[in-house]
Amino acid sequence: MPEMVTLAIDEQEVEVEEGTNVLAAALGAGICIPNLCYLPGLKPTGACRVCIVEVEKNGRTKMTASCTLEAKDGMVIHAHSENVLRARRNIVELLVAEAPESEVLQVLAERIEVEDVRYPERDNDCILCGRCVTACAEIAATGAKGSIGRGMNRHIGLPFYNEEYCQKCYECRERCPMEIAPQSRRDPCGVCGSELSKNEDLIPEMCGDCELD
Amino acid sequence: MPRLGNLDDLAALCDALGSKREQSTRTVTMCAGTACRACGCLPVAEAVEAEIEKQGLCGEVLFRTTGCHGFCEQGPLAIIEPGNIFYAKLKVDDVEELVSQTLKENQVVERLLYTDPVSGEKVRTEDAIPFYASQTRVLLGDNTKLSPENIDEYLSLGGYTALAKTLTSTSPGDVVSTVQASGLRGRGGGGYSTGRKWEQCRQAPGEEHYVICNADEGDPGAYMDRCLLEGNPHAVIEGMAIGAYAIGARQGFVYVRKEYPLAVRHVEGAIEQAHEYGLLGDNILGTDFSFDVKVVHGGGAFVCGESTALMASLEGKVGEPRAKDVHTVEHGYLNQPTCLNNVETWANVPKIITNGAEWFAQKGTQNSKGTKIFALTGQVKNTGLVEVEMGASLREVIFDIGGGPQNGRAIKAVQTGGPSGGCLPESEFDLAVDFDELYEAGSMMGSGGMVVMDDSACMVDVAKYFLTFLQDESCGKCLTCRIGISRMLDIVTDVCEGCGTPEQLDLLEDLAWTVSVGSLCALGKTAANPVLSTLKYFREEYEAHIEQESCPAGVCPALIHYTIDEDTCNNCGLCAQNCPYEAISGDKESGYRINGEICTRCGICVESCNKKAIVKS
Ligand SMILES: Cc1cc2nc3c(=O)[nH]c(=O)nc-3n(C[C@H](O)[C@H](O)[C@H](O)COP(=O)(O)O)c2cc1C
Ligand code: SF4
Ligand code: FES
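Residues numbered from 1 in each chain as written. Chains lettered and ligands numbered in written order. Predicted model: local features only at pLDDT ≥ 70, side-chain atom pairs only at ≥ 80, totals over all residues. Heavy atoms only, no water.

Novice: What is the right way to look at the confidence of the model for chain A in this model?
Specialist: For any part of a model where pLDDT is low, the fine detail of the predicted coordinates should not be relied upon. Predicted confidence across chain A gives a mean pLDDT of 85, with 85% of residues reaching 70 or more. Taken together, the stretch residues 190–199 of chain A has pLDDT below 50 and engages in 24 contacts with residues farther than four places along the chain or on a different chain. (pLDDT = per-residue confidence, 0-100. Contact = heavy atoms within 4.5 Å.)

Novice: I tried to follow the nonpolar core on my own but got confused; where do I start?
Specialist: Nonpolar side chains in soluble globular proteins tend to be buried together. Counting residues in hydrophobic clusters, the biggest one holds 80 residues, and the most contacted among them are L105 of chain A together with M488, L508 and Y542 of chain B. Per-element accounting of this core gives the leading share, ten residues, to helix 20 (residues 479–496) of chain B. With sequence-adjacent residues up to four places away left out, L508 of chain B is seen in contact with M488, I491, V492, V531, L535 and Y542 of chain B. L163, M224, V236 and V264 of chain B belong to the second-largest nonpolar core, a separate cluster that totals 74 residues. (Core = buried A, V, L, I, M, F, W, Y, C linked by side-chain atoms within 4.5 Å. Buried < 20%, exposed > 50% of the residue type's maximum accessible area, 1.4 Å probe, protein only. Helix = DSSP H or I, 4+ residues; strand = E, 2+ residues; numbered from the N terminus.)

Novice: Even after reading the chapter, I still don't get the sheet that holds strand 2 (residues 61–66) of chain B, so can you show me in this structure?
Specialist: Pairing between sheet strands relies on hydrogen bonds along the backbone, with the strands arranged either parallel or antiparallel. Residue and element names in this part refer to chain B. Spatially, four strands are ordered 2-1-3-4 in an open sheet, and the strand pairing comes out mixed. Looking at which strands have only one partner, the edges of the open sheet turn out to be strand 2 and strand 4 (85–87). When strand polarity is set aside, the average angle formed by the axes of neighbouring strands in this sheet is 20°. Here strand 1 (residues 26–31) runs beside strand 3 (residues 78–81); their pairing, made up of four bridges, is antiparallel. What sits directly across from T27, in strand 3, is E81. (Pairing = 2+ DSSP bridges. Axes fitted to C-alpha atoms, helices over the stretch in contact; angles between N-to-C directions.)

Novice: What should I look at first to understand the state of the cysteines in this one?
Specialist: Where two cysteines share a covalent bond between their sulfur atoms, that bond is called a disulfide. Scanning all chains against the criterion turns up zero disulfides over all chains. Of all cysteine sulfurs in the structure, the one in C172 of chain A sits closest to C169 of chain A, which takes part in no disulfide; the separation is 6.3 Å. C213 of chain B carries a free sulfur, and the closest cysteine sulfur to it, the one in C339 of chain B, is 11 Å from it. (Disulfide = S-S within 2.5 Å.)

Novice: Where do I start with helix 21 (residues 502–518) of chain B in this structure?
Specialist: The α-helix winds at 3.6 residues per turn, so residues separated by three or four positions along the chain end up facing the same way. Residue and element names in this part refer to chain B. With 17 residues, helix 21 extends 24 Å from end C-alpha to end C-alpha; this agrees with the ideal 24 Å at 1.5 Å per step. Most of helix 21 sits inside the fold, with twelve of its 17 residues counted as buried. The complete set of buried residues in helix 21 reads Q504, L505, L507, L508, D510, L511, A512, W513, T514, V515, V517 and G518. (Expected span 1.5 Å × (residues − 1).)

Novice: Just to check I follow, could you spell out the site of ligand 1 for this structure?
Specialist: All names here are of chain B. The immediate surroundings of ligand 1 are formed by 18 residues, with G188, E217, N341, N342 and T345 found nearest. Backbone polar atom of E217 to an oxygen atom of ligand 1: 2.8 Å apart, as the coordinates give it. Note that a nitrogen atom of ligand 1 is positioned 3.3 Å from one of the backbone N or O atoms of G305. When ligand 1 sits alone it has 610 Å² of accessible area, and the protein chains cover 90% of it. Residue assignment for the shell around ligand 1 shows that the elements contributing at least two residues are strand 10 (338–342) and helix 22 (522–526). At three residues, strand 10 tops the list of elements feeding residues into the shell around ligand 1. Each residue belonging to the shell around ligand 1 can be placed in one class, and the counts come to four nonpolar, nine polar and five charged. (Near = heavy atom within 4 Å. Polar contact = N/O pair within 3.5 Å; in protein donor to acceptor, adjacent residues only side chain to side chain. Areas by Shrake-Rupley, 256 points an atom, 1.4 Å probe, with all protein chains shown as cover. Nonpolar A, V, L, I, M, F, W, Y, C, P; charged D, E, K, R; others polar.)

Novice: Sorry if this is basic, but what is going on with the site of ligand 2 here?
Specialist: Every one of the 13 residues lining ligand 2 counts as a neighbour, but C475, K477, C478, C481 and C521 of chain B are closest to it. Of the residues contributing to the shell around ligand 2, the split by class is eight nonpolar, four polar and one charged.

Novice: Can you walk me through the sheet that holds strand 2 (residues 12–17) of chain A in this structure?
Specialist: Residue and element names in this part refer to chain A. Taking strand neighbours across the sheet as the criterion, the five strands line up as 2-1-5-3-4 in an open arrangement whose pairing is mixed. Two strands lie at the open edges of the sheet, namely strand 2 and strand 4 (60–65), each paired on one side alone. When strand polarity is set aside, the average angle formed by the axes of neighbouring strands in this sheet is 35°. Alignment of strand 3 (residues 52–57) against strand 5 (residues 76–78), held across three bridges, turns out to be antiparallel. Among the inter-strand pairings, E54 is bridged to a residue of strand 5, identified as H78. Where helix 2 (residues 82–98) meets the sheet, its contacts fall on strand 3, strand 4 and strand 5, and the angle it forms with strand 3 comes to roughly 150°.

Novice: Even after reading the chapter, I still don't get the interface of chain B and chain A, so can you show me in this structure?
Specialist: By a widespread convention, an interface's size corresponds to the accessible area lost as its parts come together. Each partner contributes to the interface: chain B provides 31 residues, whereas chain A provides 33 residues. Buried area between chain B and chain A, summed over both chains or domains, comes out near 2800 Å², and the portion from carbon and sulfur atoms is 54%. Here R122 of chain A ties to D490 of chain B by a salt bridge, and the two come within 2.9 Å at their closest N and O atoms. On inspection of chain B and its partner chain A, the count reaches 18 residue pairs in polar contact (both at pLDDT 80 or more). The greatest single-element share of the side of chain B that touches chain A, amounting to eight residues, is contributed by helix 20 of chain B. Of the residues that constitute the side of chain B that touches chain A, the class distribution is twelve nonpolar, nine polar and ten charged. (Buried area = accessible area lost by both parts, 1.4 Å probe. Salt bridge = Lys/Arg side-chain N within 4 Å of Asp/Glu carboxyl O.)

Novice: Whenever I open this one, the pattern of salt bridges confuses me. Can you help?
Specialist: Side chains bearing opposite charge may pair, as long as their charged atoms lie close to each other. For the structure on display, the rule yields 31 salt bridges over all chains. One salt bridge in this structure joins K477 of chain B and E320 of chain B, with 4.0 Å as the shortest N-O distance. With K477 of chain B in the loop between helix 19 (459–473) and helix 20 and E320 of chain B in the loop between helix 14 (307–314) and strand 10, the pair connects residues that are 157 residues apart, well separated along the chain. Like K477 of chain B, the residue E320 of chain B is buried in the burial classification. When salt bridges with common partners are traced through the structure, they connect R86, E93 and R118 of chain A together with D510 of chain B into a single cluster.

Novice: How should the packing of helix 3 (residues 41–54) of chain B against helix 4 (residues 95–105) of chain B be read in this particular structure?
Specialist: When two helices pack together, their arrangement is given by the angle between the helix axes and by the axis-to-axis distance. Residue and element names in this part refer to chain B. The N-to-C vectors of helix 3 and helix 4 enclose an angle of 45°; their axes lie 9 Å apart at closest approach. By the criterion of interaxial angle, the relationship of helix 3 to helix 4 is oblique. Crossing of helix 3 against helix 4: the hand is right-handed. Residues V44, A47, V48, E51 and I52 of helix 3 pack against V95, E96, V99 and L103 of helix 4. Considered class by class, the residues forming the contact of helix 3 with helix 4 number seven nonpolar, no polar and two charged. (Parallel < 35°, antiparallel > 145°, perpendicular 65-115°, else oblique. Left-handed = near helix turned anticlockwise from the far one by under 90°.)

Novice: Please clarify how the side chain of E153 of chain B should be interpreted in this entry.
Specialist: Residues and elements named next belong to chain B. If you trace the backbone, E153 turns up in helix 7 (residues 151–156). The class of E153 is buried, set by a relative accessible area of 13%. A polar atom in the side chain of E153 sits 2.7 Å from the side chain of R64. In this structure E153 touches R21, R64, K145, L146 and S147, once residues within four positions along its chain are discounted.

Here it is as C-alpha cells:
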C-alpha cells in the first residue's frame, strides 16, 4: 500500500498518495486549478506558471506552481486567494498578449476573468509550454524534441534541426494546445472544471462537459 | 613529493616550509592575477627575476608571483619586504632601479610609489594605502602571501592543518556544529546558513553524498570568486575536503566557467599537487577518509550558477533550473544529497576551523558574520576587490576605500547584488553590509558586485541595462521570466525613449510583482529588483522621462539634443570633420548645424570642439 498524505486545499481536506503533485491532488478532489503545460500523469515542468498557488507555512505564504509541488502531509494550499487570482490573471494576460489568436488562451482568459490585455500584441504561434517535449520524451519515449536557445531565443526543435530524429508518431501534435497543430485536442488544462465555473455566467462552452464539479 | 602518511608528517613539513619562509631576508611579491596580466605584469615579473639574478641577489631575495591583491587598477604592482614597500604601475624599464636601489641599497624609489588620488600624496607602504587600510583582508590577505602554483607555499602558512585537525580529532557532527556556531552564511547570493545546509545534507539519506563548489560567477563586473580560485585554490579545496568529511561525501566538483582559464589551470594544478602529498585521494593523511575533487568547466551561462541548473549541467543535461520545492541537499546531483557552496564560502571554512567559531562570529553583525569580498567598480577613485567586515557601512566602502567620486561629481547611487540586486540612493549609504539590511532596503548582498554611480548615470537606463542582461540570460523555460522580463524591458525602453505613459509605470509595478512571485527559479524571482528599487528610490527620474520627456542625467539618446551655440562657435568645422555619422553640415561662411535625425548622440562633436560651443540639452 502506498503511503497516503493529507493536505488542505482551499480549506478542503484532500487525501492523496505520497508523491502526488498538488495540482493533480486538487483536480482529483474536484477543485479546479487552471493549468496549461501540465499533462496528467507525466512529469510536470512548471513552464507556464498558470497553475500558481499559495503555500502557507508557519504563518507565511509563498507562491509556487502547483504542478511541480509535491503534496506533503499537513500542507496548506490556497488556490484561489486574492494574490493567486491576481497573479494567475496577470500570467494569462501575458500569454494572451503573446498569442492573441489562440482559442485556448482566450478560453482560459475568459474563465479566469482577464478583463483587458495591457500589452501590445505579439504574434506568436508557440508559447513554449513544452507539452510536445514532454510527450516526445515520455509518451513516445523518443526524446527527440527539445528546447534550443536561451531567453527570447528559446524555441523547440529537433537535434541539429534534423527531421530524421523524429519517429513521426505525432504524440506531440496531439498535445499541442495551440493552433500550430490542427489535430490537437486543444484542451487548455487536461481535465477542467473550476471553482470559478460554478458561476454560470462565466462558464466557457468547453467547461460544460467537465466531470468535475 | 612524498606522500604524507599522517598528521605528524604534515606538521613536520609545514614547520620546515614555514621556517624556510622566515629565513629569506627579502621578498619581492608581484601580483600575476588576470587583471595584472592584462596590464602587462608578466614581462615585468620576468625582468625582475632576471635582474635579481644579474645583480647577484639570487640567494638572498625570494621572488614570487601571486594571485590578485585587489587593487587591480594599479597593476603591475610589487610589494617588497621587509618594509612593506608598495610600487605601482611598474614597467620593465623600472626594474633595474627597483633591484639596484630598493633590493640592494634599501632605498625607496619615490617615483614608483603610489599616489593617493584623494590627498595627492605619495604613499610608501602597502598598509598605509587608504584603499587597503580600511579593509579587513582575512581571505584576500592570503592571496598576497603565496604563489597559487606551488602547494608548498600554502603549506608554509599552515595550509591543510585545518583539514588534518578535522580528520584526526573532530567528529563530522562537531564540524557541522562549529560551522553552524560561526554563523557563516553562503556568499553566493542567497545567504543561507552554511552550517544548516551541511546538517540537512548530512542527515539526508542517499547512496552517495556530494559537495560542489560554485565558481560559475556570472554577474557583470564581479570577479571575487575568480580571484580566490586563481590566487588561493588550496583554501577552497581544503574547505571542500572539510565539508565533505562533515557531510559524508567522497566526491567533490568545482564547477568553474571556462572563461576563467587561469582559475581552471590553478585549481587543476592544485588538485594534482594535493594528490601527490596524499591530501586528496584515498585515505587522506592515513585516515579512513577518502575524497577527490574534479573540475568541471561550465559554458558560461549565467543561469548555470543556479543550483539546480548547475547540477543538471554537471549531469550533462541542459543547464536549466527545475522547481526547487525538493531541495538539492536531499536530491541534488544524480538525485543524491548534494551540498553546493560558493567559492568564498568554502574558502572561509579552513579559517573557521583553524581559528574557531567564536573568532569568526566576533566579526560582523548580529546575523551576518565574518568578512565579505566586493568587486568595487564604477565612478569612484579607487576600484578593485575589497574585503570588509560585515557591518561596515556602504559609505565606508564607497568613500573610505573607494575614495569617493571622480572629477568632483556627486555620487548618486550604488548597485549591489548584481542583476538580482538593486540600486540604493546616497541617502541609504549608512546601511551596513549585512544580508538582511540590504535585502530590506530592496537590494541584496548578492555575490558581491558593487557598482557606484555618480550623477552622470540615468537610473532608468541602469534598470534597462540589467533587464537586457536578464532577458538574454533567462533560460526561457518559464513564462513569467521569459516574457515578463521582455515586457518589463519594453516598458522601460519606452520610458527611455520618451514615449512612456504614467499608466505604464503602474503596469510595470504590477508586472514586476508577477515576475517575482510567478517565476520558477531565483533568476526570475529577483529579476524585477533593479526595476523595483529604481522605482522606489528614483521614481522622479522615471516621471521626468514620461512627463517632461527629459532625461535628467542626459543619458537617454532619444531625449537629448546637441545644438551648436552660434555665438560661441568660430566656424572652424572640426565638429563636422569628426562626426562619424556625417550629421553636421555647413561651411565656414554660413556656420554649422547638427541634423537631429542623423545624430546618434554619441557626443564626439562635444569632445572635438575647442570652443565648447556644442551644448547638450
Ligand atoms: C541565476 C542565478 C545565478 C547564480 N550564480 C551563482 C554563481 O555564479 N555563484 C554562486 O556561488 N552562486 C550563484 N547562485 C546562487 C546559487 O544558486 C546557490 O545559492 C549558491 O551557490 C549556494 O552557495 P552558498 O550557500 O555558499 O552561497 C546563483 C543563483 C541564481 C538564481
Ligand atoms: S525563472 Fe527564468 S531562469 Fe529560472 S527557470 Fe524560469 S525562465 Fe528559467
Ligand atoms: S506550470 Fe503548472 S501547469 Fe504549467
